[in-house]
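Fold and contact review
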Amino acid sequence: MNANQNPEQIARDKIDKMLIEAGWEVQSKSKVDLNAKKGVAVREYQTDVGPADYVLFVNKKPVGIIEAKREDEGHRLTVVEDQSTNYANAKLKYLNNDPLPFVYESTGTITRFTDYRDPKPRGRAVFWFHKPETIGEWLKKGKSLRERLLSMPDLNETGLRPAQIVAINNLEHSFKKNRPKALIQMATGAGKTFTAATFVYRLLKHADAKRILFLVDTKNLGEQAEQEFMTFQPNDDNRKFTELYNVQRLTSSYIASDSQVSISTIQRLYSILKGEELEESAEQDNPNESSWLKSKMSEKKAFPVDYTPRVPIEQFDFIVIDEAHRSIYNLWKQVLDYFDAFLIGLTATPDKRTFGFFNENVVSQYTYEESVTDGVNVPYDVYTIETEISQKGETVKAGWFVDRRDKLTRKKRWQQEDEDTEYKRNDLDKKVVNPSQIRNIIREYKRALKTTIFPNRSDENGDYEVPKTLVFAKTDSHADDIIKIIREEFDEGNDFCKKVTYKIEEDPKSVLNRFRNSYHPRIAVTVDMIATGTDVKPLEVLLFMRDVKSVNYFEQMKGRGTRTINKDSLQLVSRTANSKTHFVIVDAVGATKSKKTDSRPLERKPSVAMKDLLGAITMGVAEEDLFMSLANRLIRLEKQITDKEKDKILEFSKGKNLKQITKELITAFDQDAINDKAQPEIDKIPIEDRTPALVEETKKKAQEELINEASKTFNGEFNDYLENVRKEHDQIIDSINIDTVIKSEWDTNSVDKAKAIVKDFNAYLEANKDEIKALSIFYNQPYNRREITFKMIKEVMEKMKLEKPLLSPDYVWDAYSQLEEVKSKQPKDELTALVSLIRRACGIDSNLVAFDKTIDENFKNWIFKQNAGKHNRFDKEQMQWLRMIKDHIVSSYHLELEDLDYTPFDNQGGRGKMYQLFGNEMDNVINELNEVLVA
C-alpha cells in the first residue's frame, strides 16, 4: 500500500480486495466487460445524478450500489444512506434500469447493507460483501427473506406445550419485525431443542430459508441435537425431519452444499473460519470454562477471524445458539458477527450479559418455577449429609505408615511419613484421599435412602431397589474411588455402578444409554460429561460429592434431575417406583449452600490451567503470550519428570523431547529466528521487486511455518499426558483417620417446602369442599361417607390435575412423610393415596394411613365383632364373598347392588349366588360394609 495514498484511496483498495475475495471482478469504467465473470463491480459508473463509486452487475444486469467512504467516516455511514439510495434510484448511463435493490455503504473496515426489497428496508452491519452467486439466487427467489417471513402461516399447536407455543409465536413475531437477535429463555427439561426443531422446520418450509446453523459448545450437545432432529416428526407431515431435510453434524471443515441444517460446535466453526482443521477432542469441553480464554478476554484481546470464501457471510440465514449463556462472548462473538444471519439464543440460565448480547429482545421467559407449576418439570428436595472430616479436614501424622498413590497409574507404594500433613476440606481427593470419608457418605446415603429419602422401594421379596442416582465427582480418580466404595457398600457387582466420563474404557455413550434405558447401572458417577445438556429422565437422585462455584453450571447440573417421565417408562427401569413427582439432591459437600458467582471472565489475569494452554494451542491460537506461557510450563515440567516419562513423551510427540518442543515454541516468536528462516526466500526476490511490503510478507510466511511446526506437536492424546504428568504425582491415602457422620437430614428449606405443600393441599380441599361432591361429604356429612363412589374421587383427581398439577398425591404423600411418621406404605394406586390424604386433611385420620390398610383394619374389626356374638357367624363360602366385597370397596370405595353383575362377582354366580348365601341379610350386609369399611 502506498504511503502517499489518501484515505479515500486506501478505503477503495480495501473494498476492491473484499470484492475480489467474495468472487467479484472489479473493473474501471473505461474497461468494462460484463462477460468477464458472473459478478462484476464497475468503479465510478456514471448515473444521471453523478458517478456512483461502484455499480454491481450480476449476469450482466445491474443489481446494486456501493458507496465508499474513508475509514474515519465509519460513524457516519447511516447518514450516507440517502446518498447511496439516490444512486440506487438513479438511471445508469446507457441503461433504462429499475431502481437497484442491493445497497452497501463501506469504508473497507465497516460495511453496512440494505436490501430495498425488504418491507420497511433497514440497513445492517455486515462483515463482508455477499457473493454474486448469492445475489443471483436472491433475485431468482423474487421476494426477500424478510418479506417471506411476513406470510408464514399460523402455528399448528398440536403436540406442543403452552410455553413452546408462546416461544415460537413470539419468535416469529420478532422475525416479522426484522429484529436481528432474539432470546428464548426456557427451563432445562421444558423442551428447548424440540421447540428449536419446530421453528427450524417452519422456517425451512414456510420461509424458504436456505440453511440454518444449530450452534453448540460441546460435541455431546451436538450429538444430542442431531438425535432430536432425527426423531422429530412435524405435526403436519408423517415423515421424519431428516426425510424432508438434510441435517449435517460437522466433524471436519467440510459443509455440505445440500445440507439445510448444519450442527456444529462454535470451536469447529471458529477453526473453519481460520482455515484450520480441528481435532474432535477440542470439542469435548465447554470453551467458556477455559482459563486461558478468560485471561485473553480479560486483556480485551481476541484472535481475529478473516473472510473465508468457501464459507461466505451468507452461508446461514439463521443461527440457533444452544446454551447461549456460555458461547456468545469475546473470542466466540466474532464467529456470530461474521455471518449475516438472524441469531436465536436458547438458554435456561441467562445472565446480564446474555440479555445485553440479544439486545434485551427476550421473546419468551419460562422459568424452572413456572415449569414446575405447570407440571412440565418436577421440583426437588435437598437432603444434607455432613461428616466430621468433610467439614473440618484432618492430619496425617509423621511416623505413620500410609499408602501413597500415583495419580496417573494409581500404583501404590507403602511409606512412612516424615512430617505431619494437615488437610482441609478442599484438599480432599486432591492432595489426600480419605476412604473413610467417602465410605461414610455412601453408607449414610444407603441408610437414608431406605428410611427417609425414598422409603417405599422394596420389591415383593423385600429387596430394596436403589433409585437411579447420578453422582458428581471432582476428578476421574475421585470417581474411581467412589465407584469402588459404592459397589462394596451396596454389596453389588460392576453392573450396579458405572463411570460415565470421556475417559472411560467402555464407550461412554453406550453406558449412558444403559443408564437411561436399562435396569443397570442403578448409579452412575460422572465428572463432567453429563453435568449439562444430557437427558436421563428416570433420574431421581443427584448426589453432589463436588462443589460448584458457577451459578449457571450448578443450575445445569440440577437440570439433570428435573425431567418428567411417565409412569410406564419409569417402571421399565425402576420397577418399584410409583411415579416421578420430584427428585432429591443429596448434598454431601455443601454445594447447595456455597456461594455461587456468574461464571464471568475475570478482569484480573487469572492463573491459567495447563489444560487450557494446551487446548488453546490445539485450537490453532497463535499468540506470543500463549506460546511463552506454555514454553515456561514445559521448562519447569522437564525438570520434574522421570526418564520413563521422558520416553513416553518421545512416543507421543513423534520423537521430540520437551527441550526441543520448548525451543520450537520460543523460536516461533523470535525475530532473529524468523529473519534467518525468511532470508533465503528474500534472497530469491529480484532486488528491483524487493519492496518493504514483500519482505514483510515473506517474513510473515516464515513465521507462520515456525508457528505451525511448533503447534502441530500438540494433539488430544499428547495434551492429556502432559496435563496429567505435571500434576502432583502422589496422593496420600489416609486410611487411619476414621470419619463419622455428624448430620443426615432434610434440608430446612425442604422441610419448609413440605409444610407449604401440605398447607397448599389442605387449603385447596377447603376452598373446593362445597363444589366437589366427594369433598363436601368428607367435610360436611361424614356419616354419608359410604355414598362416595369411584367416579366422585376421580372427579377430585381430574380437577386437581388441571388446577394444581404440583399437588399430585405421591408428592403430597412425600411431603407428609417429611413432617410426621407415616407407618404405612404409600398405596400403589393414586386414587387410593388421594382418599388417604383427604381423610388426613379433614381430620378423619389423625395420622396419614393408606386407605387400603384402613379398610383392611376395619374389615378385621367388623368380622371380629360379628363372631363375638355368634361363634363363626359366616361359613367359608360366605367369607370368600365378604372378602371380595372388601377388595371391591378398596378399589372403588363403594359397592352398588348392580356391581354384583360384573367382575369379579359374575364369575362366582353374581347377585343370585349372593342371595343364596345370605338370603334376606344380603342388603343389610352390603349396607353395613359400605358404611363400616370407610369409617
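Residues numbered from 1 in each chain as written. Predicted model: local features only at pLDDT ≥ 70, side-chain atom pairs only at ≥ 80, totals over all residues. Heavy atoms only, no water.

The subject of this paragraph is the overall build of the protein. Along the backbone of the protein there are 35 helices and 27 strands. Along the longest, intermediate and shortest principal axes, the C-alpha atoms of the protein span 130 × 85 × 40 Å. Nonlocal contacts in the protein, meaning residues at least 24 apart in sequence, comprise 70% of its contacts between residues at least 6 apart. Surface summary for the protein: the accessible area is close to 42,500 Å², and the carbon and sulfur share equals 48%. Charged side chains of the protein number 144 positive and 154 negative; the gap between the two group centres comes to 1 Å. (Helix = DSSP H or I, 4+ residues; strand = E, 2+ residues; numbered from the N terminus. Contact = heavy atoms within 4.5 Å. Areas by Shrake-Rupley, 256 points an atom, 1.4 Å probe, with all protein chains shown as cover. Lys, Arg positive; Asp, Glu negative; His and termini not counted. Charge placed at Lys NZ, Arg CZ, Asp CG, Glu CD.)

The next point concerns the confidence of the model for the protein. Counting all residues, the mean pLDDT for the protein is 86, and 93% of those residues have values of 70 or more. In this model, residues 599–606 is a region of pLDDT below 50 whose contacts with residues beyond four sequence positions or in other chains number 22 contacts. (pLDDT = per-residue confidence, 0-100.)

What follows deals with the sheet that holds strand 3 (residues 50–58). Taken in spatial order, the seven strands make up an open sheet running 1-2-3-4-5-6-7, and their pairing is mixed. The sheet is open, and its two edges are formed by strand 1 (25–27) and strand 7 (124–126), each paired on a single side. Mean inter-strand twist for the sheet, computed between neighbouring axes without regard to direction, equals 30°. Two elements, strand 6 (residues 111–115) and strand 7, share three bridges in a ladder whose sense is antiparallel. Considered in strand 7, the bridge of R112 is made with A125. Along the sheet, helix 3 (residues 132–141) contacts strand 2 (39–47), strand 3, strand 4 (61–68), strand 5 (102–106) and strand 6; its crossing angle with strand 5, the most-contacted strand, is approximately 145°. (Pairing = 2+ DSSP bridges. Axes fitted to C-alpha atoms, helices over the stretch in contact; angles between N-to-C directions.)

Before going further, it helps to spend a moment on helix 23 (residues 658–667). Among the residues of helix 23, those classed as buried are L658, I661, T662, E664, L665 and T667. One side-chain oxygen at the N-terminal end of helix 23 lies 3.1 Å from the backbone nitrogen of K659; it belongs to N657. (Buried < 20%, exposed > 50% of the residue type's maximum accessible area, 1.4 Å probe, protein only. Polar contact = N/O pair within 3.5 Å; in protein donor to acceptor, adjacent residues only side chain to side chain.)

We now examine the layout of surface pockets. Estimates place the volume of the second largest pocket at around 1,000 Å³. Lining the second largest pocket are 40 residues, with Q224, E228, D535, K537 and R563 positioned closest to its centre. Taken together, the elements giving at least two residues each to the lining of the second largest pocket come down to helix 6 (192–206), helix 7 (219–231), helix 17 (508–517) and helix 19 (567–573). In the lining of the second largest pocket, the residues fall into twelve nonpolar, 15 polar and 13 charged. (1 Å grid on protein atoms, 1.4 Å probe; cavity = no way out; pocket = protein on both sides within 12 Å on 5 of 7 lines; lining within 4 Å. Points joined across faces, edges and corners; volume = space filled by probe spheres on them. Nonpolar A, V, L, I, M, F, W, Y, C, P; charged D, E, K, R; others polar.)

A few words now on the environment of S653. Positionally, S653 belongs in the loop between helix 22 (643–652) and helix 23. Counting along the chain gives 517 residues from S653 to G136, while the straight-line C-alpha distance between them is 49 Å. If we skip the residues at most four places from it in the chain, S653 touches I661, T713 and F718.

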